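# Structure assessment
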Amino acid sequence: MYPACPKLGLAHLGASTFFASAHPSESCGSNGLPLTPNSIRIYGRARALQLINHPHLSTYVDIHRGKHERIMVIQEYHLLNLRAATERYPDIKSSAGLTQVAHQVLQGLAYLNSFGTVSCNVSPENILIDPYGRVKLYNYGLYYMTEAGTAVSFPLGTIQYSPPEVLLAHGVSQEGGGGSGGAVTITGNPAWDVWSLGAVLAEAIMECRLFKRCEEVESLIGEVLRVGLASDPLAYLVQTHDASHKLDATPENLQNFLRVCLTPDPRDRPSPRSLLSHPVFRDMTLSVSLTPILPHFPVIDPSLCLIDFAQFKAKQGIMDDEGSVLPDYPLVPEPDVTAQTDDMGKKHSGMRDQLGERSMREVYYLWQLAGGNVEQELKKQKLVRIKPAILTLPSVMIVEGEVFGGDVSHHQQLEATTIILPLHNLLSRLAHVPPHLYYPLITQGECGTDELETSRLPLVIRERDVEYQLHRIITFQRLLQAYPYKSDLILREARKDTPPFYRPLVWAALLGVDGAVAHTYQHLDKETPTPTDRQIEVDIPRCHQYDELLSSPQGHAKFTRVLKAWVVSHPHLVYWQGLDSLCAPFLYLNFNNEALAYACLSRFIDKYLYKFFLRDNSAVIQEYLAKFSHMITFHDPRLANHLHSIGFIPELYAIPWFLTMYTHVFPLQKIFLLWDTLLLGDASLPLYVGVAILRQLADRLLQFGFNECILLFSDMPDIDMERVVRDSIQVLRSTPPSVTFREHQRPNPDNKNDAQNLPQGSEDLLMTAVRLEELKSEKCPQVSGADLLEFSAQRRKGRRGQAKLLLVDVRPPDDFARGTLPDAVNMPADSTFTPEGTLIPGPNADILNSHRGKIVAVIGSRFCWDQVTGFAEKLLSLEFPRICMLHKGVEVFRASGALVVPT
């Protein structure tokens, strides 16, 4: 889902947890609304950490929000940290080893500064070392996600390694340089991490534990305050721990580096970026590039693909570490895997190698499908404990909701323990998958999931089957890497199903998004006030607020930017209420990629809501609703007659459906399922979806009056969306395409309703615009002559799966004898029905009744159009489904030579 996510390799997935602080019960913001829970604020901000991709920073894989303000974080984790490494491996605690560690830590910190934040959590336990000897900073995102610690009730960082100004609460914010866009506002002071790094290195050199007691920290701060900024904290530490001989054995450059890091005045203390040019690093052999990898939006230029990490490193000039500082580092297998038998251990080892080539987020996604649950794992390790509710009550609660007293459990504080998520269950589920299936060939279009038994099961099962999803993920990864050259294969595979893991990129591919979307988005003015700002500000807090991500402050800010970008880039269109709901699915799926969300929204509106956002869109919407009314009568005349009799017209309930493509009506998870199919069709598919929804509610609607129907649609009942998708496809296949033709639809060069697809002189067979007044007055839809000819040809060829067709010519017998369509049946309009509107018994009634449920096309003359509409409406009153009328009358066939003299 995130293009720059590294492979799992030999890393583990580590999980940790902490609590956000709770607001007082009745606290409200300046707007009078309840304050956003801190856990939601953290949840929204933490998503940005998933953009971080640096060789010396652990990858943030995912974050969960649990009950009672609990936050669960999943990160890349390695078993060896700097404290353990310096105790076990002499190469690490040597001057050369520590210099290498310092250099790599500074690269990670410099990248964080470019990203716009600081770590404020550098300690030996948070400096991990991977099996190749590379440093990985861990837990560096707490300061950023908790908004400088204001969203939690515990102090950030480790007191032993915190700089004096932080302990004295004198930290200040400062501006720092950053990405290509200019200065980046950094939350926090980069010099804080420099002090922490110096303290960590000093501790390693002196081979002791600094500040075992709080009194020692107080003594150091007192020394700084007593002597002033001219004091030498390094000399004080050496003297306190009697380690002058160890410091003397350290190279002069490294000693100077430590003194620079431990500069008391944060204004004089250098930043990580400037320290990279310190003389201590000049003589060392650099194994990685000094150029930081700046944060960026993943762009679809030239393709919508996941960037392979090896290729990504090569582009950035980052080479593998040949001179590893830990050449003898033992690869520690997971305990649960080694508990298996030798044969199973070998299988799991092979599977681990295959999964190691997949991205961390992909492995984590599969782990969840295999039954993995982070909260359950934390409970097993006693990091999540269930406390009886009675013990959580406060001692006193005043009327305003503020509470006093009550036991404060230490588990509400920061829990430094990290557990490793066991992969043995996932490995067992995938043990029988042969290695070659991880590398399918797509050159011939064979993607290798049709032979799986799961492929024939319902979608809800397929989406939860780990083996099936593995195949689909691998298939779509290869196809997306070849986008746009494999667009046809992406479309073909998406017709089977879309894997949720790659849904955002698949949707972008189906919408034809391509080009430098990030460049386009970044150059749009999203800051200048516009007349629509007030409406956007009002709409966003009401848009899908049940969703934790979209309801976060970060979600609101992203909503505002994307919507303003769309308004600015479409000056001929205007903002209509509901555009925020339309934006929600794209923003949710591309939360870290506003550019892609904006590009998808723009393409989607252009394809499915063409002209809907004009300043005067009444004609467009009225035509759309008239077509929808015709679709109801065409497929369910009984329901259409009932709704017409009680005056319940589509204008009363369907405008939000189509203006927001159902996003205002259904929750996001159902929208994802619906849009997976919607994006495969043309702009008429939403009409079929609306019919499918009404047919699912038909039993209740037929029993309700006007008021009950209003109440039903004001609070939409639970809808089986998979059934809606299935029924809408069935409705589509049984409907002539011209029935949904609209004057205001987007021009489509591939449309069958095109004169280029017909013989010369047959232009009249095409569907043309019908006046809005005529559309609204007619109850049955019109069909083009081209569609009737095509359906007739299919019937004569005996094609299966196509609707049967009955052609009813309602002209007088004399006109019928002069020429009609082949197989047409003459039923004069004035001799087929009784005055009461029932069928006169006889051959005509028998023919109509035998074709009930098939398409019945009423043919007549354009000069006697009342006969055509009257005949069709009488059939509709008798609840005949699929009644349509020939557009422009039988005269359209004269030039094409399709008319024959009946025998």
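Position numbers for residues count from 1 along each chain, tracking the sequence in the order it is written. In keeping with the predicted nature of the model, local features appear solely for residues at pLDDT of at least 70, side-chain atom pairs appear and are counted solely at 80 or more, and the whole-chain, interface and lining totals rest on all residues. Side-chain descriptors were evaluated using all non-hydrogen atoms of the structure, hydrogens and water having been removed beforehand.

### Examining the overall build of the protein chain
- Helix and strand assignments follow DSSP, with helices taken as H or I runs no shorter than four residues and strands as E runs no shorter than two, numbered in order from the N terminus. A count of helical and extended segments in the protein chain gives 40 helices and 16 strands.
- Each residue is assigned to one of three classes by its accessible area relative to the maximum for its type, calculated with a 1.4 Å probe on protein chains only: buried under 20%, partly exposed between the two thresholds, exposed over 50%. Split into buried and exposed, the 903 residues of the protein chain put 54% on the buried side.
- Contact definition: two residues touch when any of their heavy atoms are within 4.5 Å. In the protein chain, the share of contacts with a sequence separation of at least 24, taken over all contacts with a separation of at least 6, comes to 76%.
- Exposure was quantified through the Shrake-Rupley algorithm and a 1.4 Å probe, taking into account, for residues, occlusion by the shown protein chains and nothing else. Here the protein chain displays about 39900 Å² of accessible surface, and carbon together with sulfur accounts for 52% of that area.

### Some points on the side chain of Ser114
- Its location among the elements puts Ser114 in helix H4 (residues 95-115).
- Think of a polar contact as two N or O atoms within 3.5 Å of one another; within protein, one of them needs to be a possible hydrogen donor and the other a possible acceptor, and neighboring residues in sequence only count if both atoms come from side chains. For Ser114, the side chain forms a polar contact with the side chain of Arg273, separated by 2.4 Å.

### Thoughts on the packing of helix H20 (residues 466-481) against helix H21 (residues 487-496)
- Between N-to-C directions, angles span 0 to 180 degrees; the directions come from axes that are lines fitted to C-alpha atoms, helices contributing only their stretch in contact. In the contact formed by H20 and H21, the axes pass within 10 Å of each other and the chain directions differ by 160°. It follows that H20 is roughly antiparallel to H21 by the angle criterion. For the element pair H20 and H21, the recorded crossing hand is left-handed. When H20 is examined against H21, the residues Arg472, Thr475, Phe476, Leu479 and Leu480 are found in contact with a partner set consisting of Leu489, Ile490, Glu493, Ala494 and Lys496.
- In terms of residue class, the contact of H20 with H21 is built from six nonpolar, one polar and three charged. Oblique is the label for any angle not under 35 degrees, not over 145, and not in the 65 to 115 range, which are roughly parallel, roughly antiparallel and roughly perpendicular in turn. Definitions for this section: a left-handed crossing has its near helix turned counterclockwise from the far helix by less than a right angle. A right-handed crossing has that turn clockwise. Residue type decides the class: Asp, Glu, Lys and Arg count as charged, Ala, Val, Leu, Ile, Met, Phe, Trp, Tyr, Cys and Pro as nonpolar, and the leftover types, Gly among them, as polar.

### Regarding the packing of aromatic side chains
- Geometry of aromatic contacts follows a simple scheme: Phe, Tyr and Trp rings, the Trp one being its six-membered ring, pair when their centres are within 6.5 Å, and the pair is stacked under 30 degrees between planes, edge-to-face over 60, tilted otherwise. Per the stated rule, a full pass over the model turns up 34 aromatic pairs.
- With centroids separated by 6.1 Å and ring planes inclined at 70°, the aromatic side chains of Phe115 and Tyr144 adopt a geometry described as edge-to-face. One end of the pair, Phe115, is in helix H4; the other, Tyr144, is in helix H5 (residues 142-145), with 29 residues separating them in the sequence. The same class applies to Phe115 as to Tyr144, namely buried.

### A short note on the sheet that holds strand S14 (residues 825-826)
- If you walk across this open sheet you meet the five strands as S12-S16-S15-S13-S14, and the pairing is parallel. Of all strands in the sheet, those bounded by a partner on one side alone are strand S12 (782-783) and S14.
- Pairing between S12 and strand S16 (residues 883-886): two bridges, direction parallel. Within S16, the position partnered with Val783 by the bridge is Leu886. At least two DSSP bridges between two strands are needed for those strands to be called paired.

### A closer look at the pairing of strand S2 (residues 60-65)
- Judged from the five bridges that link them, S2 and strand S3 (residues 70-77) form a sheet pairing that is antiparallel. Residue pairing for S3: Asp62 is matched across the bridge by Ile74.

### Observations concerning H21
- Leu489, Ile490, Glu493 and Ala494 are the residues of H21 that are buried. The buried side chains of H21 occupy one side of the element, clustering within an arc of 135° when seen end-on. Opposite the packed face of H21, turned more than 90 degrees from it, sit the exposed residues Asp488 and Arg495. In this description, the arc belongs to the directions extending from the helix axis to the C-beta atoms.

### Section: the confidence of the model for the protein chain
- Confidence scores labelled pLDDT are given residue by residue by the predictor and lie between 0 and 100. Per-chain confidence: the protein chain averages 83 in pLDDT, with 80% of residues scoring 70 or above.
- Across residues 170-184, confidence stays below pLDDT 50; counting only partners more than four residues off in sequence or on other chains, it has 29 contacts.

### A look at the sheet that holds strand S11 (residues 419-420)
- Here we have four strands laid out as an open sheet, ordered S2-S3-S1-S11, and antiparallel in their pairing. Only two strands of the sheet have a single partner each, and these edge strands are S2 and S11.
- Contacting strand S1 (12-19), S2 and S3, helix H1 (residues 38-46) crosses the sheet at an angle of about 160° to S2.
- The sheet strands contacting helix H16 (residues 360-369) are S1, S2 and S3, and the helix crosses S2 at an angle near 40°.

### With respect to the environment of Pro266
- Relative to the helices and strands, Pro266 resides in the loop between helix H11 (252-261) and helix H12 (272-275).
- For the pair Pro266 and Pro190, spaced 76 residues apart in the sequence, the C-alpha separation amounts to 9.2 Å.
- Contact partners of Pro266, with chain neighbours within four places excluded, come to Glu165, Asn189 and Ala191.

### Section: the nonpolar core
- Nonpolar cores were defined as sets of buried Ala, Val, Leu, Ile, Met, Phe, Trp, Tyr and Cys residues, with membership established by side-chain atoms within 4.5 Å. With 231 residues, the main nonpolar core has Phe257, Trp657 and Phe658 as its most contacted residues.
- In terms of residues, this core owes the most to one element, helix H7 (residues 190-206), which gives eleven residues.
- Setting aside its immediate chain neighbours within four residues, Phe257 contacts Ala102, Leu106, Leu197, Leu201, Leu275, His278, Val280 and Phe281.

### Describing the environment of Tyr662
- If you trace the backbone, Tyr662 turns up in the loop between helix H30 (655-659) and helix H31 (668-678).
- Spatially, the C-alpha atom of Tyr662 lies 9.4 Å from that of Val689, the residues being 27 residues apart in sequence.
- Setting aside chain neighbours within four positions, we find Tyr662 in contact with Pro656, Trp657, Ile671, Leu674, Pro686, Val689, Gly690 and Ile693.

### A short note on the pattern of salt bridges
- A carboxyl oxygen of Asp or Glu within 4 Å of a side-chain nitrogen of Lys or Arg is what we treat as a salt bridge. As enumerated under the stated definition, the model contains 33 salt bridges in all.
- Note that Glu147 and Arg41 form a salt bridge whose closest N and O atoms lie 2.9 Å from each other. Here Arg41 lies in helix H1 and Glu147 lies in the loop between H5 and helix H6 (164-167), a separation of 106 residues in the sequence.
- In this structure, the salt-bridge partner of Arg269 is Glu165, at a minimum N-O distance of 2.8 Å.

### Some remarks on the pairing of strand S13 (residues 805-809)
- A large share of S13 lies buried, amounting to five of its five residues.
- Judged by which residues are buried, S13 turns out to be covered on both faces: Leu805, Leu807 and Asp809 on one side and Leu806 and Val808 on the other are all buried.
- As judged from the five bridges shared by S13 and strand S15 (residues 855-859), these two strands associate in the parallel manner. Bridging from a neighbouring strand, Leu806 pairs with Val856 of S15.

### Quick look at helix H28 (residues 618-635)
- Each helix should span, by expectation, one fewer than its residue count multiplied by 1.5 Å. An ideal rise of 1.5 Å per residue puts 26 Å on 18 residues; H28 measures up with 26 Å between its terminal C-alpha atoms.
- With 14 of its 18 residues buried, H28 lies for the most part within the structure.

### Here's the deal with a nonpolar patch on the surface
- A cluster of nonpolar side chains, Ile649, Leu652, Phe706 and Ile710, forms an exposed patch at the surface whose accessible area comes to about 310 Å².
- By the secondary structure assignment, Leu652 is in the loop between helix H29 (637-645) and H30. In this scheme, patches are assembled from residues that exceed 30% relative accessible area and form no salt bridge. Like charges are connected within 9 Å, while nonpolar side chains (Val, Leu, Ile, Met, Phe, Trp, Tyr) are connected within 5 Å.

### Some thoughts on unusual backbone geometry
- In the segment running from Tyr483 into Pro484, the intervening peptide bond is cis, with an omega of 5°.
- Tracing the backbone through its elements, the reader meets Pro484 in the loop between H20 and H21.
- In this model, His68 sits at a positive phi of 55°, which is unusual for a non-glycine residue.
- If you trace the backbone, His68 turns up in the loop between S2 and S3.
- Taking relative accessible area as the criterion, His68 reaches 69% and is therefore assigned exposed.
- Look at Asn139: it is not a glycine, yet its phi comes out positive at around 60°.

### Focus: the packing of helix H25 (residues 553-569) against helix H27 (residues 594-608)
- Viewed as axis vectors pointing N to C, H25 and H27 meet at an angle of 45°, and their least axial separation amounts to 10 Å. When the axis of H25 is compared with that of H27, the two are oblique. H25 and H27 meet at a crossing whose hand is right-handed. On the side of H25, the interface is formed by Lys558, Arg561, Val562, Ala565, Trp566 and Ser569, while H27 contributes Glu594, Tyr598, Leu601, Ser602 and Ile605.
- Looking at the contact of H25 with H27 residue by residue, the class counts come to six nonpolar, two polar and three charged.

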